[in-house]
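Coordinate inspection notes
Below, each chain spelled out in residue letters.
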Amino acid sequence: MIPALMPTYARTDIAFERGEGAWLFTADGDRYLDFAAGIAVNALGHCHPRLVEALTGQGNALWHCSNLYRIPGQESVAARLVENTFADSVFFNNSGAEAIECGLKMARRYHDLNGAPERYRVIAMEGAFHGRTLATIAAGGQAKHLDGFDPVVQGFDHVPFGNLNELRAAVTRETGAILVEPVQGESGIHPASVEYLQGLRQVADEFGLLLFFDEIQCGMGRTGKLFSHQWAGISPDIMAVAKGIGGGFPIGAVLAVEKAAAALTAGTHGSTLGGNPLAMAVAGAVLDVMLADGFLDGVDAIARTLRHRLEDLAAAHPKVLGEVRGAGLMIGLECAVENRALLDRLRANRLLAAPGGGNVVRLLPPLVIDESHVDEALAILEKSCAQLEEGGH
Ligand SMILES: *Cc1c(COP(=O)(O)O)cnc(C)c1O
């Protein structure tokens with residue numbers, strides 16, 4: 001008989017009762033070091049005091065009033081995102097897939113308003129992940145996500161990630177946008193090179209395409225800058241943000257330059273819950289912390305420390321680990337054993353990580369970790385590698 005809870009996940013049989021910083025606790029009091037952070041969502045760790053204060057404060061004032069009225073929190077969070085990014089304007093919704101959907105609608109309508117409705121196609125990347133709605137599984141193009149859900153939403157062409165020649169060759173008179181994760185997440189942590197990101201900007205400009213970045217996983221401080229494309233000194237026209245911007249509260253956002261944003265006029269798009277006062281109080285607190293002097297530099301510094309130590313670990317355990325790659329605190333450990341075997345071992349030793357495509361273990365720790373967390377994680381990784389080499393427990 002089907003469980004009351006629809007079985008769409010292959011869940012691990014653990015439930016957590018409480019979280020504090022980088023730690024999660026079960027009801028039995030077992031303590032786990034959380035280097036998955038709810039898949040890059042708990043960017044400031046669990047129950048960050050500033051976020052708890054913002055949430056409970058707003059929770060006692062006003063949760064929701066709908067977008068029929070002005071929402072001052074939305075105006076101020078949007079203004080701060082505009083001030084700190086390429087964007088001229090921001091739309092709020094509740095999840096990553098919704099943010100991608102909004103950006104896709106924006107791209108179509110932009111070209112439609114410019115008298116080129118035929119330019120509805122989007123070039124996306126092989127290995128991409130953009131969400132689980134009908135349009136976003138089509139954008140991702142993964143057979144495992146599309147299977148059984150025909151007909152596929154049309155309008156997406158896929159080219160190999162990292163290859164500018166194939167990208168150029170795929171542009172037709174119907175192409176309107178390029179959709180890219182600057183660091184591919186679900187496919188196993190593949191960072192785009194600076195040259196590739198600059199090349200994307202060039203191709204977009206040359207053909208009049210909108211450049212649309214999916215920074216849902218790699219954005220919000222994860223790579224040591226507020227958004228990962230900032231390392232390349234270029235900017236997109238549209239960007240989808242979610243995960244870390246709410247630190248665990250469901251929030252999505254679409255940031256855009258004026259010409260793209262202007263395509264979504266009153267009545268063309270909406271979200272009932274998007275950007276409600278509760279969500280915006282939390283997003284405002286997340287920005288307070290991330291934009292404070294030195295925070296992002298601290299992320300960059302601890303990420304470099306972690307990365308070096310992981311490279312030494314991998315070199316010492318070639319029977320378990322392969323390449324270490326990533327950007328900032330978005331790290332992929334390629335495994336020489338089955339990634340699930342390493343994940344199980346890590347969990348048994350009280351370290352949580354996430355799986356990734358290509359037999360990878362993803363480390364996505366909260367951005368608030370310090371050297372003590374790195375020491376603890378490395379000790380567990382070391383122990384787990386040794387246990388796997390012994391071929392058992
Ligand atoms: C998680 C993720 C999404 C989908 O976000 P949801 O909130 O699950 O809809 C889209 N793109 C990337 C890169 C992601 O990591």
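Overview of the structure. (Residues numbered from 1 in each chain as written. Predicted model: local features only at pLDDT ≥ 70, side-chain atom pairs only at ≥ 80, totals over all residues. Heavy atoms only, no water.)

What follows covers the overall build of the chain. When you go through the chain residue by residue, the secondary structure sums to 13 helices and 17 strands. What you see for the chain is a C-alpha radius of gyration of 21 Å, in line with the 21 Å of a compact globule of 393 residues. Once the C-alpha set of the chain is aligned to its principal axes, its extents read approximately 65 × 55 × 55 Å. A separation of at least 24 residues holds for 72% of the contacts in the chain among residues at least 6 apart in sequence. Taking the average location of the 31 positive side-chain charges in the chain and that of its 46 negative ones, the two points are 2 Å from each other. (Helix = DSSP H or I, 4+ residues; strand = E, 2+ residues; numbered from the N terminus. Rg over C-alpha atoms; globule rule 2.2 N^0.38 Å. Contact = heavy atoms within 4.5 Å. Lys, Arg positive; Asp, Glu negative; His and termini not counted. Charge placed at Lys NZ, Arg CZ, Asp CG, Glu CD.)

Here we take up the state of the cysteines. For the coordinates displayed, the defined rule picks out zero disulfides. The thiol of Cys65 is not disulfide-bonded; the next cysteine sulfur, from Cys102, is found 19 Å away. Given the relative accessible area of 24%, Cys65 is considered partly exposed. Not part of a disulfide, Cys102 finds its nearest cysteine sulfur in Cys218, a span of 18 Å. (Disulfide = S-S within 2.5 Å. Buried < 20%, exposed > 50% of the residue type's maximum accessible area, 1.4 Å probe, protein only.)

A few words on the environment of Pro236. Looking at the secondary structure, you find Pro236 in the loop between strand E10 (210-214) and strand E11 (238-241). In this structure Pro236 comes out as buried when scored by relative accessible area, which is 1%. In this structure, the C-alpha to C-alpha distance between Pro236 and Leu197, residues 39 residues apart in sequence, is 9.5 Å. In this structure, Pro236 is in contact with Phe86, Arg201, Leu211, Phe213, His229 and Val257, ignoring residues within four places of it in sequence.

On to the nonpolar core, then. In summary, soluble globular proteins display a tendency toward joint burial of nonpolar side chains. Ile178 and Leu310 are the most contacted members of the largest nonpolar core, which totals 112 residues. Looking at which domains feed residues into this core, each of domain 1 (16-34 + 295-389) and domain 2 (50-290) gives three or more. Not counting residues up to four positions away in its chain, the partners in contact with Leu310 are Val324, Ile331, Leu333, Leu363, Leu378 and Leu381. (Core = buried A, V, L, I, M, F, W, Y, C linked by side-chain atoms within 4.5 Å. Domains from an automatic or database assignment.)

Axis angle and axis distance: for two packed helices, these are the angle between their axes and the distance between the axes, and together they describe the pair. Contact pair helix H3 (residues 72-84) / helix H10 (residues 277-290): the axes reach a minimum separation of 9 Å and the direction vectors enclose 30°. The orientation of H3 with respect to H10, classified from their angle, is roughly parallel. In the packing of H3 onto H10, the handedness of the crossing is left-handed. Residues Gly73, Gln74, Val77, Arg80 and Leu81 of H3 pack against Met280, Ala283, Gly284, Leu287 and Asp288 of H10. Here the contact of H3 with H10 is built from residues that sort into five nonpolar, three polar and two charged. (Axes fitted to C-alpha atoms, helices over the stretch in contact; angles between N-to-C directions. Parallel < 35°, antiparallel > 145°, perpendicular 65-115°, else oblique. Left-handed = near helix turned anticlockwise from the far one by under 90°. Nonpolar A, V, L, I, M, F, W, Y, C, P; charged D, E, K, R; others polar.)

As for its placement among the helices and strands, Asn339 is situated in helix H12 (residues 339-348). Judged by its relative accessible area of 8%, Asn339 falls in the buried class. Here the side chain of Asn339 touches Val360 through a polar contact of 3.0 Å, landing on its backbone oxygen. What Asn339 contacts, discounting residues up to four positions off in sequence, is Pro355, Gly356, Asn359, Val360 and Val361. (Polar contact = N/O pair within 3.5 Å; in protein donor to acceptor, adjacent residues only side chain to side chain.)

Bringing the pattern of salt bridges into the picture now. Under the counting rule described, the total for this entry stands at 16 salt bridges. The residue Arg18 makes a salt bridge to Glu20 at a minimum N-O spacing of 3.4 Å. For Arg18, a relative accessible area of 42% translates into the label partly exposed. A residue is classified by how much of its surface remains accessible, and Glu20, at 48% relative accessible area, is partly exposed. Where Arg70 meets Glu75, a salt bridge forms, and the shortest distance between an N and an O atom there is 2.8 Å. Residues participating in the shared-partner salt-bridge network are Arg50, Arg80 and Asp288. (Salt bridge = Lys/Arg side-chain N within 4 Å of Asp/Glu carboxyl O.)

What follows concerns H10. Taking 1.5 Å of rise per residue, the 14 residues of H10 would be expected to cover 20 Å, and the 20 Å separating its terminal C-alpha atoms lies within 8% of that figure. Within H10, 13 of the 14 residues are buried, leaving the element largely enclosed by the surrounding structure. (Expected span 1.5 Å × (residues − 1).)

Let's shift gears to unusual backbone geometry. Here Asp150 and Pro151 are connected by a cis peptide whose omega angle stands at -5°. Here Pro151 lies in the loop between helix H6 (143-146) and strand E6 (156-159). Positive phi, normally seen in glycine, also occurs at Ile39, with a value near 60°. Along the polypeptide, Ile39 turns up in helix H1 (residues 37-40). Judged by its relative accessible area of 34%, Ile39 is partly exposed. Of note, the phi angle at Ser66 is positive, near 80°, even though the residue is not glycine. In this structure Ser66 comes out as buried when scored by relative accessible area, which is 17%.

As a structural note, the neighbourhood of the ligand is formed by Ser95, Gly96, Ala97, Phe129, His130, Gly131, Glu181, Asp214, Ile216, Gln217 and Lys243. The separation between an oxygen atom of the ligand and a polar main-chain atom of Gly96 is 2.8 Å. If the ligand stood free it would expose 380 Å²; the protein chains cover 81% of that surface. Its residues placed into classes, the shell around the ligand shows three nonpolar, five polar and three charged. (Near = heavy atom within 4 Å. Areas by Shrake-Rupley, 256 points an atom, 1.4 Å probe, with all protein chains shown as cover.)

Our focus in this paragraph is the pairing of strand E3 (residues 31-34). Where strand E2 (residues 23-26) and E3 come together, three bridges link them in antiparallel fashion. Looking at the pairing, Leu24 lines up with Tyr32 of E3. What sits between the antiparallel neighbours E2 and E3 is a turn of four residues, in which Gly29 has the positive phi angle 90°. Here E3 pairs with strand E15 (residues 351-352) via two bridges, running parallel. Residue Leu33 lies in a different strand from E15, and its bridge partner there is Leu351. (Pairing = 2+ DSSP bridges.)

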